[in-house]
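# Examining the three-dimensional arrangement
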Amino acid sequence: MDVRKLVKMANEIGAFFAADPDHGLARENIALHLQRFWEPRMRRRILLHLDQGGEGLSEPVREALVGHRGRIEPRGGG
Amino acid sequence: MYSNKVIDHGTPARPGPATVTVQIDGAAVTVPAGTSVLRAAVDAGVRIPKLCATDSLEAFGSCRLCLVEVEGRRGFPASCTTPCEPGMRVRTQSKRLADLRRGVMELYISDHPLDCLTCPANGNCELQDMAGVTGLREVRYGQDGANHLTGAKDTSNPYFSFDPTKCIVCSRCVRACDEVQGTFALTVQGRGFDSKIAAGPVDFMASECVSCGACVQACPTATLIEKSIAEQGQPDHAVVTTCAYCGVGCSFRAEMKGAEVVRMVPHKDGKANHGHSCVKGRFAWGYATHPDRIRTPMVRDRITDPWREVTWDEAIAHAAREIRRIQDRHGRDSVGGITSSRCTNEETYLVQKLVRAAFGNNNVDTCARVCHSPTGYGLKTTLGESAGTQDFDSVEHSDCIVVIGANPTDGHPVFASRMKQRLRQGAKLIVVDPRRIDLVRTPHVVADFHLQLRPGTNVAVLNALAHVVVTEGLAKEDYVRARCEAAEYEKWKTFIALPKNSPEALEAETGVPAAQIRGAARLYATAGNAAIYYGLGVTEHSQGSTTVMAIANLAMATGNIGRPGVGVNPLRGQNNVQGSCDMGSFPHELPGYRHVADAATRERFAARWGVTLQDEPGLRIPNMFDAAIDGSFKALYVQGEDIAQSDPDTQHVQKALESLECLIVQDIFLNETAKYAHVFLPGSSFLEKDGTFTNAERRISPVRKVMPPLAGLADWEVTMALANALGYPMHYRHPAEIMAEIAELTPTFAGVSYDKLDRLGSIQWPCNDAAPEGTPVMHEQQFVRGKGRFVVTDYVATPERTSRRFPLILTTGRILSQYNVGAQTRRTGNTAWHRADELEIHPHDAEQRGIRDGDMVSLQSRKGETTLRAVVTERMQPGVVYTTFHHPESGVNVVTTENSDWATNCPEYKVTAVQVVLQAHKSDWQLGFAQAAEQQIGLLPGRARRGEGG
Ligand code: SF4
Ligand code: SF4
Ligand code: SF4
Ligand code: FES
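Residues numbered from 1 in each chain as written. Chains lettered and ligands numbered in written order. Predicted model: local features only at pLDDT ≥ 70, side-chain atom pairs only at ≥ 80, totals over all residues. Heavy atoms only, no water.

### Some points on the overall build of chain B
Helices and strands together make up the secondary structure of chain B, namely 30 helices and 36 strands. Computed over its C-alpha atoms, the radius of gyration of chain B comes to 29 Å, within 12% of the 30 Å expected for a compact globule of 950 residues. A principal-axis box enclosing the C-alpha atoms of chain B has dimensions of 90 × 75 × 65 Å. When each of the 950 residues of chain B is scored for burial, the buried share is 65%. When the accessible surface of chain B is split by element, carbon and sulfur atoms take 51% of a total near 33000 Å². Of note, chain B has its 101 positive side-chain charges centred 3 Å away from the centre of its 107 negative side-chain charges. (Helix = DSSP H or I, 4+ residues; strand = E, 2+ residues; numbered from the N terminus. Rg over C-alpha atoms; globule rule 2.2 N^0.38 Å. Buried < 20%, exposed > 50% of the residue type's maximum accessible area, 1.4 Å probe, protein only. Areas by Shrake-Rupley, 256 points an atom, 1.4 Å probe, with all protein chains shown as cover. Lys, Arg positive; Asp, Glu negative; His and termini not counted. Charge placed at Lys NZ, Arg CZ, Asp CG, Glu CD.)

Structure representation (structure tokens):
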């Protein structure tokens, strides 16, 4: 998956939820959205990108990926 | 005219509980107050002769054929214009009445050609019938006097002709055009003997006429008649079915001769259309038997190889082998499927079942991805259900109508006619659109506000409207307190009241004067019943889902959800967009919009289907493309969609399709996508199969087979065969059995069955024990999700920015006569109205570039370029250009970008930064396209052979 595209998509998701004044909730909602709508290989790829430095990720998205990694990581690894 | 096998009640029904009882020829009959004597007589089983009256139009009282005697009254009142009064005693037959009627008929016939035996209306003509029932035996005046028997026939319309020699000037056509269609194209010119019907100064084609056909079915004679009837003769039977074009979902009578369609006439009892239609459903059905239809399955190893015609068994076995081979090699998740909004609910259900149960993954998506997926997300989040809140009839109760990013007179014409009726009665109108769409000013309708925003600023405009509602104290706090989540409302209210959301603060961004926003917001909040209708101009944006939620916020804040006349109403593009979404076509949702991670639901499906189901969402269409290019996605089964033409950023899509090892396309034509296919499975048109479609008002309507599938199998049978070949058994004998399974597994469909559909005609879901006959208006007592949820909708500008190189914004849309990628309508007489996609540009922008109306211009974006003809028009605002995507060779999607809605990846078709320059020659892409198209046609078996000779 083209990681630049994934970063762009994730940042747009981040921009929407980050409008919530409750910062914690905003991060959680970002993670929840990725979990509910992103196919596992997309989630795996963006986490790999995070591990490689996460260039281009907006702050809310980076925090969501770090803070809710367990939720975003696909189950079963398969 | 309408079929004389269907009872014409003479005048429209009068709704209402109050009744009156009258005596007609001695028999008592009770009718709703306000009913005409003519209609009451029909109820009593008495057909009073009539000519100028018909039940789709208000009575006019001009022909004097429907005269009756009323006890205690002098003279002979016309029964069509006389309302029933309590105790009235009416006599419909007497010597005197018979003489009078015969006299009327004698006058008509004296100026009418006596060629009944060779007239196309022979057997279905009211004039002929009336001559019969009035007992006309001689015409004393002769035909030598002054007459109209020499007028020239107008055959300019591709579908119907106008023969003035047969006209009796009953004005039914004029009234149909005014009252029903609302186009006001026809007039009665002159007076008395000189009066005649005219469609503008020249002919029908040059007039305002939009070819809806309303005048044709209203005409009691052969004056206005379908050319198909003239060519094929009168039909011998009729089958009620549903239009396969747009999301209005009009009900039609397919009038047949054996297995041949003679004409399609809108069904009077159709609850979505009440006997009205548009040019597409009414006339543009000829594509179904077009010679381009592919009738034999084909396979090939490489997309550069010629196609080989094979049997169904070979094609299916080959497809199944390929899918399993690819899964063995690249993993279970390397394959997927796409369902179609043009196929039936049952077919869509089967494709997603095939993917989930036989492919074993959730890689299924549908073309709603590129149109209304934000509606699903936005309405589910705020209201709890991914569907519009109202039925179409609701508009009759609206006091204020808001149309956002939709062009109903072109996109949803039959509903637009209803809307215009209500507007002519005085409802207020607010249009939010970058273009001056027709609705802004049509005969007897003028928008109170046209908020002509810059493309891409919907959220800003909606936030500004809501800001006015909240800060001017116009919110319905009682309603919100009772029905919505309090904490979320407070959070939203604080946000929306921020100065940054005021109309003044956003004026520079949106281009809409603050005073107009304030005026529109006050009107919407205080008009009484206010309803919002929206289209793809809302969803096809990077903030599409946000816009849908902003619309829901506005409606909830003003208490405009949960009763007739109000609501939030997506106008769906294709006929079965609602249905395909309902049926579980999205990669994260099982039928009925339930997430695949919801264990209880998943287990029910797993148990019923006898498989284990994945609990992770699958790939969406754009993700499939990316994964294909990436090498992790290798096979795709596409039913009835043309992703190569309809999806944005064509060159990216082409690259993705070229990367697939096996592309299986099922379609009625060799569409653009099929040019990249390895297996072609011929599809069946809506005339060739049974099933159901669900329209924009959640109405499930039957689709009925009127002819056998041209290629031998209906689409659902093909999917079944593929499943069986993959080792997953499917053995439905009829689509009714598929619907039974849907009803069993989907709570909102629990009460739906084919028997009930036959009985009721159509059903609006939810249909279950709580609502056994369906649900016209949703969220009446409470929202489906319990409490309505306000969502903070911050405006985020689209990433697509104009620049010095690309200073204009391109927005795209559709027109009345063509449908979507045009595969069907381009193969009909509708091309008379639209031969090619054109680029609309404002005179100012045109002048700056030296462009004149009709010049060829190059449309260029960061993604690509294409050449089109320019139309210079003030419909556009300066800085914005517009085009359609009905023709593949115009390649508009070569220009559009990969930007998409943040929540659903619905592409941003509506905003692309472009430049326009004069250019006579085609773009490289177009030249390449033409060459590739020719090559692909050459690879077809029959044509390839023909090609060798010449
Ligand atoms: S064209 Fe037909 S409907 Fe119109 S006035 Fe003539 S006869 Fe009547
Ligand atoms: S076809 Fe429709 S629009 Fe055209 S004249 Fe008849 S009623 Fe009017
Ligand atoms: S295209 Fe739409 S409006 Fe036209 S007849 Fe079909 S369903 Fe009705
Ligand atoms: S039908 Fe009543 S006057 Fe013509």
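### Observations concerning the sheet that holds strand β30 (residues 763-764) of chain B
Residue and element names in this part refer to chain B. Pairing is antiparallel across the open sheet formed by three strands, whose spatial order is β28-β29-β30. Unpaired on one side and paired on the other, β28 (691-694) and β30 mark the two borders of the sheet. Each of β28 and β29 (699-703) touches helix α9 (residues 345-359); the most contacted strand, β28, lies at about 95° to it. (Pairing = 2+ DSSP bridges. Contact = heavy atoms within 4.5 Å. Axes fitted to C-alpha atoms, helices over the stretch in contact; angles between N-to-C directions.)

### Quick word on the interface of chain A and chain B
In this complex, chain A contributes 25 residues to the contact, which on the side of chain B involves 32 residues. For the interface between chain A and chain B, the tally reads three salt bridges. For B:Glu616, the salt bridge identified is with A:Arg43, shortest N-O distance 2.9 Å. In this structure, the connection of chain A to chain B is made through nine residue pairs in polar contact (both at pLDDT 80 or more). Within the residue set of the side of chain A that touches chain B, elements represented by two or more residues are α1 (3-17), α2 (23-37) and α3 (40-51) of chain A. Looking at the side of chain A that touches chain B element by element, the count peaks at eight residues for α1(A). For the side of chain A that touches chain B, the residue count by class is 14 nonpolar, two polar and nine charged. (Salt bridge = Lys/Arg side-chain N within 4 Å of Asp/Glu carboxyl O. Polar contact = N/O pair within 3.5 Å; in protein donor to acceptor, adjacent residues only side chain to side chain. Nonpolar A, V, L, I, M, F, W, Y, C, P; charged D, E, K, R; others polar.)

### Examining empty space enclosed by the protein
Residues and elements named next belong to chain B. This structure, assessed with the given rule, holds 13 cavities of 30 Å³ or more. A volume near 340 Å³ is recorded for the largest cavity. Surrounding the largest cavity, 26 residues form its lining, Gly405, Ala406, Asp433, Gly537 and Lys910 being those nearest its centre. Mapped by element, the contributors of at least two residues to the lining of the largest cavity are α18 (536-539) and β31 (808-813). When its residues are assigned to classes, the lining of the largest cavity shows eight nonpolar, 13 polar and five charged. (1 Å grid on protein atoms, 1.4 Å probe; cavity = no way out; pocket = protein on both sides within 12 Å on 5 of 7 lines; lining within 4 Å. Points joined across faces, edges and corners; volume = space filled by probe spheres on them.)

### A look at the packing of aromatic side chains
All names here are of chain B. Applying the stated criterion across every chain, the model contains 20 aromatic pairs over all chains. Seen in terms of ring centroids, Tyr245 and Tyr287 are 6.0 Å apart; in terms of plane orientation they differ by 65°. Their pairing is edge-to-face. With Tyr245 in the loop between β9 (237-242) and β10 (251-257) and Tyr287 in the loop between α7 (279-283) and β12 (298-299), this pair connects stretches of sequence that are 42 residues apart. Residue Tyr245 shares its accessibility class with Tyr287, and that shared class is buried. (Phe/Tyr/Trp six-rings, centres within 6.5 Å; stacked < 30°, edge-to-face > 60°.)

### Details of the site of ligand 2
Residues and elements named next belong to chain B. Residues in close proximity to ligand 2 include Phe160, Cys177, Gln181, Leu186, Phe204, Cys209, Val210, Ser211, Cys212, Gly213, Ala214 and Cys215, which together make up its full environment. Only α4 (172-181) and α5 (214-218) provide two or more residues apiece to the shell around ligand 2. Its residues assigned to classes, the shell around ligand 2 comprises nine nonpolar, three polar and no charged. (Near = heavy atom within 4 Å.)

### Observations regarding helix α10 (residues 373-382) of chain B
Summarising burial for α10(B): nine of the ten residues are buried, a large majority. For α10(B), the full list of buried residues reads B:Ser373, B:Pro374, B:Thr375, B:Gly376, B:Tyr377, B:Gly378, B:Leu379, B:Thr381 and B:Thr382. Residues of α10(B) that are buried sit in contact with α1 and α2 of chain A together with β21 (530-534), α18, α19 (544-557) and β22 (567-570) of chain B. At the C-terminal side of α10(B), B:Gly384 shows a positive phi close to 105°.

### Some points on the pairing of strand β27 (residues 679-682) of chain B
All names here are of chain B. In β27, alternate side chains face the same way, and those of Val679 and Leu681 on one face and Phe680 and Pro682 on the other are all buried. The pairing of β12 with β27 spans two bridges and is classified as antiparallel. In the strand pairing of β27, Met298 is matched with Phe680.

### Here's the deal with helix α21 (residues 599-609) of chain B
All names here are of chain B. Those residues of α21 that sit buried are Thr601, Arg602, Phe605, Ala606 and Trp609. The buried residues of α21 all sit within an arc of 130° when viewed along its axis, so they share a single face. In α21, the exposed positions angled more than 90 degrees off the buried face are occupied by Ala600 and Ala607. Looking at the buried residues of α21, the elements they touch are α9, β23 (589-590), β24 (594-595) and α26 (735-745). At the N-terminal boundary of α21, the capping side chain belongs to Asp598, with an oxygen 3.2 Å from the backbone nitrogen of Ala600. The first or second residue beyond α21 is Gly610, which carries a positive phi of 70°. (Arc of directions from axis to C-beta.)

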